Amino acid sequence: MAHNDAYHWPPELLDLLIELVPRLNRSKEGVLGFLRGAGVSEDLLAPHRLQLAADKSAISKYKIVRAVLSRINEQGDAALGVRREILKRAIEFEDFSTLWPDDRLPAQGLQASVRRLVNVKDSFTRMSQAHDEERAARIKARTSELERLARRKARFQALRDRLNDLFNEDDPRKRGTALEGVLNDLFATEGILIRESFTLRSEEGHPVEQIDGALEVDGSAYLVEIKWWGEPVEINAMSRHLVRVYGRSEVRALFISASGFTGPAIKESERALNQRVIVLGELRELVLLLERQGDVAAWLREKVRFAQLERRPLALLGSDF
C-alpha cells in the first residue's frame, strides 16, 4: 500500500533508498550492519542473517534492503525514529571512495536525488505546518474573542439587573449612590479609566467639593456628575458642576440625569461650550446601551462630536452603539 504522509516514506523516496542503501555498503553483512546501526530491530534482521548463514547467494543486498525498508515503512509512527536515522545516514554519507567502483557515481546521483526529494518534501511540510499553525492561531483568537464576548454579555446582564433594581429604591440618596456604582462598573467593563466619587477638603479638613467621579477616554478627562431626582436637573445644579469643571484645566464635563434637564440648564450648557466640552446624558440612553450591549466609549465620542460640531450638549443617543 502506498503512503504519502508524515508517518511514512512516500513511494518515490522509498524506491530511491532501496537503490541507494545497498550501494553504500560493499557486502550483505555491511547492509545488515548499516540497518542495525540505524536502529532497525533484530527481529527484522534475524531472518536475513539466517539466510546468509545458510546460503549467501540465495539473497541480494537489494532484496534485503527492500524487505526491511518496506516493513519499517508499514509501521508508521512506531518506526518514525528509525526511518529518520536511515535517511540521515544515507544523506550524510561522504566517503564514496570506500564503495565498489561501479557503485560510486550511481550512489552519488541517488543521494543527490534523495536530498532534492527530502528538501521538496520538507518545504511542503513547512508550508503545511505554517498553514496549520495559522489556522490554529485563528481558531484560538476566535475562541478567545467568543469567550470575551460571553464574559462581556454576562457583565452587562449583571449591570442591567442592578440598574433595574434601583427603580424599586425609594431613598434618593441610596439610589444615587448605587447608580454611581453601576455607571462606574459600566465604564470599567469597557476599559475606560475611572476614578470613583471623592471629596476635596481644605487644609483644615473641611469638605470643599464632592465629586461624583471622573473618567478618561481617548486621553481626555471628564468630570462626572450623576443625578437621579424626581424633577429635571435645574440650572443651579448645572452651574455648580460647570464651576468645578472651569476650575480644572482642559477637563471636560459629563452630566448624567435620570430625570432629564430643564431648558435653562441646557441653555447654560450650550453657553459653556464656548469654553469647554460639555456633554449631557440621560439615564435612558445608558439603559438602552446595556440592553444592546453597546459600546459606551463610542457613545461618548458621538455625544462629544454633537457638542463640538453642532453645539448640542444634549443629543439623545443609544440605539446605534
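Refer to the structure presented above.
Residues numbered from 1 in each chain as written. Predicted model: local features only at pLDDT ≥ 70, side-chain atom pairs only at ≥ 80, totals over all residues. Heavy atoms only, no water.

**Quick word on helix α8 (residues 235-246)**
Here is step 1 of the chain: Between its terminal C-alpha atoms α8 stretches 16 Å, which fits the 16 Å expected from 12 residues at 1.5 Å a residue.
Here is step 2 of the chain: Looking at α8, one finds that the buried residues are A237, M238, H241, L242, R244 and V245. Seen from one end, α8 has its buried residues packed into an arc of 155 degrees, which puts them on one side.
Here is step 3 of the chain: Between the side-chain oxygen of the N-cap and the backbone nitrogen of N236 there are 2.6 Å, and the N-cap of α8 in question is E234. (Helix = DSSP H or I, 4+ residues; strand = E, 2+ residues; numbered from the N terminus. Expected span 1.5 Å × (residues − 1). Buried < 20%, exposed > 50% of the residue type's maximum accessible area, 1.4 Å probe, protein only. Arc of directions from axis to C-beta. Polar contact = N/O pair within 3.5 Å; in protein donor to acceptor, adjacent residues only side chain to side chain.)

**Looking at the environment of V296**
Here is step 1 of the chain: Inspection of the secondary structure assignment puts V296 in helix α11 (residues 296-309).
Here is step 2 of the chain: Owing to a relative accessible area of 1%, V296 belongs among the buried residues under this scheme.
Here is step 3 of the chain: Residues V296 and I192, spaced 104 residues apart in sequence, show a C-alpha to C-alpha distance of 8.9 Å.
Here is step 4 of the chain: Those residues in contact with V296, other than ones at most four positions away along the chain, are L186, F187, E190, I192 and L289. (Contact = heavy atoms within 4.5 Å.)

**Things to note about the pattern of salt bridges**
Here is step 1 of the chain: Scanning the entire structure with this criterion turns up 18 salt bridges.
Here is step 2 of the chain: The salt bridge partner of K56 is E29, with a shortest N-O separation of 3.1 Å. Remark: E29 occurs in helix α2 (residues 28-37) and K56 occurs in the loop between α3 (42-54) and α4 (61-74); sequence separation between them is 27 residues.
Here is step 3 of the chain: You can call K56 partly exposed: its relative accessible area is 49%.
Here is step 4 of the chain: A salt bridge links R49 to E42, with the nearest nitrogen and oxygen atoms 2.7 Å apart. (Salt bridge = Lys/Arg side-chain N within 4 Å of Asp/Glu carboxyl O.)

**Some remarks on the side chain of R276**
Here is step 1 of the chain: The residue R276 is located in the loop between α9 (263-272) and β5 (278-282) in this model.
Here is step 2 of the chain: Within polar-contact distance, the side chain of R276 engages the backbone oxygen of R248 at 2.7 Å.
Here is step 3 of the chain: With sequence-adjacent residues up to four places away left out, R276 is seen in contact with V245, Y246, R248, S249, E250 and V251.

**Some thoughts on the packing of aromatic side chains**
Here is step 1 of the chain: Taken as a whole and assessed by the stated rule, the structure comprises three aromatic pairs.
Here is step 2 of the chain: Arranged with centres 5.3 Å apart and planes meeting at 75 degrees, the rings of F93 and F96 form a pair that is edge-to-face. In terms of burial, F93 and F96 fall into one category: buried.
Here is step 3 of the chain: Pairing F255 with F261 gives two aromatic rings, centres 5.6 Å apart and planes at 80 degrees, and the pair type is edge-to-face.
Here is step 4 of the chain: For R26, the ring lying beneath its charged end belongs to W100, and the centroid distance is 3.6 Å.
Here is step 5 of the chain: The residue whose ring lies beneath R305 is F306, and the NZ or CZ to ring-centre distance is 4.8 Å. (Phe/Tyr/Trp six-rings, centres within 6.5 Å; stacked < 30°, edge-to-face > 60°. Lys NZ or Arg CZ within 6 Å of the ring centre and 35° of its normal.)

**Considerations on the nonpolar core**
Here is step 1 of the chain: Formed by 37 residues in total, the largest nonpolar core has its most connected members in W9, L35, L69, I86 and V114.
Here is step 2 of the chain: Contributions of two or more residues to this core are made by α1 (11-23), α2, α3, α4, α5 (80-92) and α6 (101-166).
Here is step 3 of the chain: Here this core takes seven residues from α1, the largest share from any one element.
Here is step 4 of the chain: If we skip the residues at most four places from it in the chain, V114 touches L13, L16, L17, L20, L87 and I91.
Here is step 5 of the chain: Residues I192, L286, L290 and L317 belong to the second largest nonpolar core, which totals 33 residues. (Core = buried A, V, L, I, M, F, W, Y, C linked by side-chain atoms within 4.5 Å.)

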